[in-house]
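Residue-level structural notes
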Amino acid sequence: MLLLLGLCLGLSLCVGSQEEARSWGHSSEQVGLRVPRQVRLLQRLKTKPLMTEFSVKSTIISRYAFTTVSCKMLNRASEDQEIEFQMQIPAAAFITNFTMLIGDKVYQGEITEREKKSDDRVKEKRNKTTEENGEKGTEIFRASALIPSKDKAAFFLSYEELLQRRLGKYEHSISVRPQQLAGRLSVDVNILESAGIASLEVLPLHNSRHRGSGRGEDDSGPPPSTVINQNETFAHILFKPSVVQQAKIAQNGILGDFIIRYDVNREQSIGDIQVLNGYFVHYFAPKDLPPLPKNVVFVLDSSASMVGTKLRQTKDALFTILHDLRPQDRFSIIGFSNRIKVWKDHLISVTPDSVRDGKVYIHHMSPTGGTDINEALQTAIRLLNKYMAHSDSGDRSVSLIVFLTDGKPTVGETHTLKILNNTREAARGQVCIFTIGIGNDVDFRLLEKLSLENCGLTRRVHEEEDAGSQLIGFYDEIRTPLLSDIRVDYPPSSVVQATKTLFPNYFNGSEIIIAGKLVDRKLDHLHVEVTASNSKKFIILKTDVPVGPQKVGKDVLGSPRPEGDGEGDANHIERLWSYLTTKELLSSWLQSDDGLEKEQLRQQAQALAMSYRFLTPFTSMKLRGPSPRTDGLEEAHGMSAAMGPEPVVQSVRGAGTQPGPSLEKPYQPRIKISKTSVDGDPHFVVDFPLSGLTVCFNIDGEPGDILRLVSDHMHSGVTVNGELIGAPAPPNGHKKQRTYFRTITILVNKPERSYLEVTPSRVILDGGDRLVLPCNQSVVVGSRGLEVSVSANANVTVTIQGSIAFVILIHLYKKPAPFQRHHLGFYIAKSEGLSSNCHGLLGQFLNQDARLTEDAAGSSQNLTHPPLLQVGEGPEAVLTVKGHRVPVVWKQRKIYNGEEQIDCWFARNNAAKLIDGEYKDYLASHPFDTEMTLGRGTSREL
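The rules behind these values
Residues numbered from 1 in each chain as written. Predicted model: local features only at pLDDT ≥ 70, side-chain atom pairs only at ≥ 80, totals over all residues. Heavy atoms only, no water. Helix = DSSP H or I, 4+ residues; strand = E, 2+ residues; numbered from the N terminus. Buried < 20%, exposed > 50% of the residue type's maximum accessible area, 1.4 Å probe, protein only. pLDDT = per-residue confidence, 0-100. Contact = heavy atoms within 4.5 Å. Expected span 1.5 Å × (residues − 1). Arc of directions from axis to C-beta. Disulfide = S-S within 2.5 Å. Pairing = 2+ DSSP bridges. Right-handed = clockwise from strand over helix to strand, strands pointing away. Axes fitted to C-alpha atoms, helices over the stretch in contact; angles between N-to-C directions. Phe/Tyr/Trp six-rings, centres within 6.5 Å; stacked < 30°, edge-to-face > 60°. Lys NZ or Arg CZ within 6 Å of the ring centre and 35° of its normal.

1. Things to note about unusual backbone geometry
In this structure, Pro682 follows Asp681 across a cis peptide bond, with omega equal to 5°. Here Pro682 is to be found in the loop between strand E33 (677–679) and strand E34 (683–688). For Arg428, which is not a glycine, the phi torsion comes out positive at approximately 50°. Mapped onto the elements of the fold, Arg428 is located in the loop between helix H8 (416–427) and strand E24 (432–438). In this structure Arg428 comes out as exposed when scored by relative accessible area, which is 54%. Unlike most non-glycine residues, Cys455 shows phi in positive territory, near 50°. Within the secondary structure layout, Cys455 lies in the loop between helix H9 (444–453) and strand E25 (458–461). Under the relative-accessibility criterion, Cys455 is labelled partly exposed at 25%.

2. Concerning the confidence of the model for the protein chain
With 78% of its residues at a pLDDT of 70 or more, the protein chain shows a mean pLDDT of 78. Under a pLDDT of 50 for its full length, residues 856–873 has, in the predicted model, 27 contacts with residues more than four places off or in other chains. Between residues 935–942, whose pLDDT stays under 50, and residues either more than four places distant or in other chains, the model counts 22 contacts.

3. With respect to helix H6 (residues 352–363)
Helix length check: H6, at twelve residues, gives a terminal C-alpha distance of 17 Å against a target of 16 Å (1.5 Å per residue), a fit within 8%. Within H6, the full set of buried residues consists of Ser354, Val355, Gly358 and Ile362. For H6, the angular spread of buried residues about the axis comes to 100°, placing them on one side. In this structure, H6 carries Pro352 and His363 as exposed residues pointing more than 90 degrees from its buried face. Tucked inside the fold, the buried residues of H6 contact helix H5 (309–324), strand E20 (330–336) and strand E22 (348–349).

4. Topic: the state of the cysteines
Enumeration according to the criterion identifies two disulfides in this entry. A sulfur-sulfur distance of 2.0 Å marks the disulfide that ties Cys432 to Cys455. Here the S-S torsion is close to -105°, and the disulfide linking Cys432 with Cys455 is therefore left-handed. Linking Cys432 in strand E24 with Cys455 in the loop between H9 and E25, this pair joins segments that are 23 residues apart in sequence. Judged by its relative accessible area of 4%, Cys432 is buried. For Cys696, the disulfide goes to Cys904, at an S-S distance of 2.1 Å. Its torsion about the S-S bond being 65°, the disulfide of Cys696 and Cys904 is classed as right-handed. Of the two residues, Cys696 is situated in strand E35 (residues 693–698) and Cys904 in strand E50 (residues 900–907); the sequence distance between them amounts to 208 residues. Each member of the pair Cys696 and Cys904 is classed as buried. When the bonded cysteines of the protein chain are counted from the start of the sequence, the pairing works out to 1-2, 3-4.

5. Describing the pairing of E25
Here E24 pairs with E25 via four bridges, running parallel. Within E25, the position partnered with Ile438 by the bridge is Val461. The handedness of the E24 to E25 crossover, carried by H9, is right-handed.

6. Thoughts on the sheet that holds strand E30 (residues 525–534)
Strand order in this open sheet of four strands is E28-E26-E30-E31, and the pairing throughout is antiparallel. Each edge of the open sheet is held by one strand with a lone partner, namely strand E28 (502–507) and strand E31 (537–546). Averaged over all pairs of adjacent strands, the angle between strand axes in this sheet comes to 25°, irrespective of strand direction. Bridge count between strand E26 (residues 481–489) and E30: four bridges; the pairing is antiparallel. If you follow Val488 over to E30, its bridge partner there is Val530.

7. Here's the deal with the sheet that holds strand E17 (residues 272–276)
Taking strand neighbours across the sheet as the criterion, the four strands line up as E17-E18-E29-E27 in an open arrangement whose pairing is antiparallel. Each edge of the sheet is formed by a strand with only one pairing partner; in this case those strands are E17 and strand E27 (495–496). With five bridges connecting them, E17 and strand E18 (residues 279–284) associate as antiparallel partners. If you follow Asp272 over to E18, its bridge partner there is Tyr283.

8. Describing the packing of aromatic side chains
The final tally for this structure, using the stated rule, is 27 aromatic pairs. For the ring pair Phe684 and Phe697, a centre distance of 4.8 Å and an interplane angle of 5° mean the geometry is stacked. Within this pair, whereas Phe684 is found in strand E34, its partner Phe697 is found in strand E35, the two being separated by 13 residues in sequence. For the pair Phe684 and Phe697, one class covers both residues: buried. What links up through ring pairs into an aromatic cluster is the set Tyr64, Phe66, Phe94, Tyr279, Trp577, Tyr579, Tyr612 and Phe614. Over the ring of Phe94 we find Lys583, and its NZ or CZ is 4.6 Å from the ring centre. Taking NZ or CZ as reference, Lys882 lies 4.9 Å from the ring centre of Phe845, over its face.

Here is the structure:
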């Protein structure tokens, strides 16, 4: 089967061989010359692949967006046919997953390291493709496959992005371009903002400049069939047009962007800090501050290539911008081609007369000559430096260059690296350069680096569009500086690996975002200091911000996970931190000219992208397969956007990755395990191999209880705890509620300390490095005597020093009943390495034996293997274990994922008389609590 996968992304690399890359795009149909045109048209209409479904699910949690696109196609032709899936994604987004279903075969995308030697070659191809095909601020993802006749295909694409605040709003844009009328079409967006949603609007469909002539763009309000539900902190937007409604918007299918704009409430002047599982994010967007004066030089390309519409629209935009300058601002204008034309040799105060004179000067600019970018920038920087050197030292103003060009350097200094060095040395960090590239011939990489290295921003303007309004919109983002020289400090003892904390300027309507890790997850307050300059004064903000843990629940995310299982959800703040950190590493790599530093940055960015499964310039995506299709795959992909995709470990060995989440799998343990276990409600089973007896008991705990299962911290250095969740009892049940294990935590203290946390959705291994393993993919990792093996959606095997092994079964439900919860079962596979002093609800029996002494009537019949009886029935007896005499009754239990039935002697009343002490003695205070008061030693530590 032929598979073609192409990625054309601003921060991603094209995938596949060169031969595959050359064959991207639609294949042309070969038709005999004698076939009439009308017949050919009918043939194409009849055999064109049919799109049965196009759906997008997006969940935004605290400005961080998880998006999954699903597209299902049918090949109606009588012969095999190539089908192409194409999706525009935001340029700032990282693709995290791609999967194709072709008939009953699954092709799973896998993020891998990209070879360093191929970087430049692929980037050049990517940039060219992007310029030809990408919308403003977007890149194109393409994948195509040869589909057998009358067969189906499905494509699933996931990506993530951090929304940026511009002009006081966050904007989430989703490309809806199925290129034909879809049988089912939907866009489903959930927004959760704990700070509160201050405003929300859904814009009319913004149609593409390249395709179609949709009529919905000029209508006010959201597109037809859009439903919005909203409360203080949550919003749900559903766009689900029928085929008839789609046809009214565009006959050839909806072609446009579905855009949501919103903002959040802001109370604290120092910003909003959110914390989850050891990671934090700090949003800083102060308001109600007086604007700073700005010194701005407008540098306008007037070379011959600007002739016509480009120069006219640029002039009109500058006329509007000049009128917007404030009285306290100062400005000048430079036109450049092969000569540099300066309006005034110094900055001018803003007055009605100076604005009028500036407009006249711009009006008389005429396009001619080449493009001397280097000298134009040098002249603008000299003007600003001259003013700053002679201005009042108390004047805390912001110096900006707004630089507009449509081409590449052709006159004077034309070497890119030299232009960048000259500009950086002249600006000395005191001048911020904002660049605008007009049209398709511009050297956008140069403009991007000029802005990155000089505290500015860059934008691309397509000349076919209304360039004037785009220029005004870009200027609006920087027209009101409120703060300069911003520094955000956290105590080094509390915060590590924080993203950038120094910012040259803060503009009204934007936002500063910082993320990092907390040294102590139990931290109650985080001390924050913000220093900045504002107008004539120096501002210092200090406060201790409460950082209590936050959880995201089922109702907010629309996730099918049941209540109480929220620990399995992806940590969106950790994902946000990894996203920001990766972006900053890529930016630093782009700016660096030092070979050694550049290589170190490349390695750091690549390692982080591999850990969190981001497609970047240093990673690539390969399709793995084909694998047999498994039930529940489409359902699982459909809900991945709501739950947030899980990160994948960076280094794996022996990884037999499954084709995707499967909610029903046969149990296939890696090693033989004993019956000694706790599973289900929870039901405890203890196997005594010497006597051939099996004993079972129940512990009726409360949701939130943490039970000590194995406690051998002082000797072998191993502790196992399990946390309970609750569920209603089944109808007509005798219990008030059920309880299950949602988390199993293992602390290994020898030879080095490692923390292991297992939930039904992921495994977190925190030792020398922190690894997060999704439970829906098979993987084996190991170091320092500890091995963790995940069998996709089946079990997790933990082996310690080769002499201790635990198997944790994963119980998942496609459609859980109210009394069911995704949960875990814990089985002891090997216990030779545990000491004779081992304790805990299971551990206390590992080095013991048991014997039956008598039945209730005193008879001496053989009770080790009594006759098979009905469940819940059987003779009573007295069991002797550890010197205790325990009344027991014969029962039958199911273990090993409910696939094996065992006979056991059951101890009633929460195992009274069977276990040392009572149930409450086995409650831990936190998941990694090692205190055990019933054994010989007591200890308590993390």
